[in-house]
Amino acid sequence: MSVTFVPEFRLGKVLATSFTATLTERRGEPVERMPVPSRLVDWLAVYGLVVDSCSDSQLDRARELRESIHAAATAVAERNPIPLSAARVINDCSTHGQASPVLTAEGGWEWRLRSGSVEDALSVIAADAISVISGERPGKIALCASPTCRAAFFDTSRGHTRRWCEMNTCGNREKKERFLASKRKSSNPAD
């Protein structure tokens, strides 16, 4: 019996950009964090979007939404027009699900999916993407400074100067590379 390694999820505070992080190292060797339908079910559950099951075609649709959100976020970060095909997929997913925000006993809120379907969960992700990409929420869409990552993230830092999707992965890797490069340079003074 073989055991397949499935990378851990990269979880963030913003649903839509966290969803795009289910594919990382987009400009390096891509790491797919949802290789099978059950991983999409697992990811959705982490965010309180519990679905009954997921088919291969639903996983394909989720990946299409993920890539559309990433394309739209990249366009916004680079101050380019949003690709019409990306907007179409996001809008289609947003309008084809049935989910409602509900008040919790603790005074917060959460999404309630009407049917427990993947489509309902994708509509919540698409709605979140619309609110972030459209500028409705305070913050700024940015792209990770790592040349191999280039993940879209939502920067809510005070001056909107955050550079990395995650400091503990891309940020640390880049800082380590700069340190090693300076060490190599100082050990080779003839350069």
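Look above for the structure.
Below, the structure is looked at part by part. Along each chain, the written sequence defines residue order, and numbers are assigned to residues from 1. With pLDDT at 70 or above as the cut-off, local features in this predicted model cover only qualifying residues; side-chain atom pairs require 80 or more to be listed or tallied, and sums for whole chains, interfaces and linings still use all residues. With hydrogens and water set aside, each side-chain value is computed from the structure's full complement of heavy atoms.

## Concerning the overall build of the protein
Thinking step 1. In terms of helices and strands, the protein carries six helices and six strands.
Thinking step 2. For the protein, the N- to C-terminal ordering of α and β elements is α-β-β-α-α-α-β-β-α-β-β-α.
Thinking step 3. In what follows, a contact means two residues having at least one pair of non-hydrogen atoms within 4.5 Å. Of the contacts made within the protein by residues no fewer than 6 positions apart, 54% connect residues no fewer than 24 positions apart.
Thinking step 4. Residue exposure ignores everything except the shown protein chains as possible cover, and the areas themselves are Shrake-Rupley values with a 1.4 Å probe. Carbon and sulfur atoms provide 53% of the accessible area of the protein, an area that totals close to 11,200 Å². Counting from the N terminus, the helices are DSSP H or I runs at least four residues long and the strands are E runs at least two residues long.

## Things to note about the pattern of salt bridges
Thinking step 1. Salt bridges are defined by distance alone: a side-chain nitrogen of Lys or Arg within 4 Å of a carboxyl oxygen of Asp or Glu. Within this structure, the stated rule accounts for eight salt bridges.
Thinking step 2. For Arg61, the salt bridge identified is with Glu64, shortest N-O distance 2.6 Å. Separated by three residues within a single helix, Arg61 and Glu64 lie in helix α3 (residues 56–77), roughly one turn from each other.
Thinking step 3. Remark: exposure states derive from per-residue accessible area (1.4 Å probe, protein chains only) relative to the maximum for the residue type, with buried under 20%, exposed over 50%, and partly exposed in between. In this structure Arg61 comes out as partly exposed when scored by relative accessible area, which is 25%.
Thinking step 4. Note that Arg137 is salt-bridged to Asp128, the shortest N-O span being 2.4 Å.
Thinking step 5. Residue class for Arg137 comes out partly exposed when judged on its relative accessible area of 26%.
Thinking step 6. Salt bridges here are not isolated pairs; linked through shared partners, they connect Arg26, Glu32, Arg63, Arg66 and Glu67.

## Focus: the packing of aromatic side chains
Thinking step 1. Under the pairing criterion, centres of Phe, Tyr and Trp rings, with the six-membered ring standing for Trp, must be within 6.5 Å; the plane angle then separates stacked pairs below 30 degrees from edge-to-face pairs above 60, leaving the rest tilted. This structure, assessed with the given rule, holds three aromatic pairs.
Thinking step 2. Aromatic pair Trp43 and Tyr47: ring centres 4.5 Å apart, planes at 35°, arrangement tilted.
Thinking step 3. Residue Trp43 is classed as buried on the basis of its relative accessible area of 0%.
Thinking step 4. Using a relative accessible area of 22% as the deciding quantity, one classes Tyr47 as partly exposed.
Thinking step 5. Each ring, one from Trp109 and one from Trp111, has its centre 5.5 Å from the other, and the planes form 75°; the classification is edge-to-face.

## Topic: the nonpolar core
Thinking step 1. For the purposes of this section, nonpolar cores are sets of buried Ala, Val, Leu, Ile, Met, Phe, Trp, Tyr and Cys residues that join through side-chain atoms within 4.5 Å. Among the nonpolar cores identified, the biggest contains 29 residues, and Phe19, Leu40, Leu44, Leu49, Leu65, Ile69 and Ile125 are the most heavily contacted of them.
Thinking step 2. The element contributing the most residues to this core is helix α5 (residues 118–133), with eight residues.
Thinking step 3. With residues near it in sequence (within four places) discarded, Phe19 still touches Met34, Leu40, Trp43, Ala62, Leu65, Arg66, Ile69, Leu122 and Ile125.
Thinking step 4. Among the nonpolar cores identified, the runner-up in size contains eight residues, and Ala142, Cys144, Phe153 and Trp164 belong to it.

## Some words on the packing of helix α4 (residues 84–95) against α5
Thinking step 1. For helices, the fitted axis covers only the stretch in contact; all axes are lines through C-alpha atoms, and the angles between them, taken along N-to-C directions, range from 0 to 180 degrees. Closest axis-to-axis distance for the α4/α5 pair is 7 Å, and the angle between their directions is 130°. Looking at the two axes, α4 sits oblique to α5. For the crossing formed where α4 meets α5, the hand is left-handed. Here α4 contributes Ile90, Asn91, Cys93 and Ser94 to the contact with α5, which in turn contributes Leu122, Ser123, Ala126, Ala127, Ile130 and Ile133.
Thinking step 2. Each residue gets one label: Ala, Val, Leu, Ile, Met, Phe, Trp, Tyr, Cys and Pro are nonpolar, Asp, Glu, Lys and Arg are charged, and the others, such as Gly, are polar. Here the residues of the contact of α4 with α5 are counted per class, giving seven nonpolar, three polar and no charged. The cut-offs work like this: below 35 degrees is roughly parallel, past 145 is roughly antiparallel, 65 to 115 is roughly perpendicular, and the gaps in between are oblique. When the near helix sits turned anticlockwise from the far one by under a right angle, the crossing is termed left-handed; a clockwise turn instead gives a right-handed crossing.

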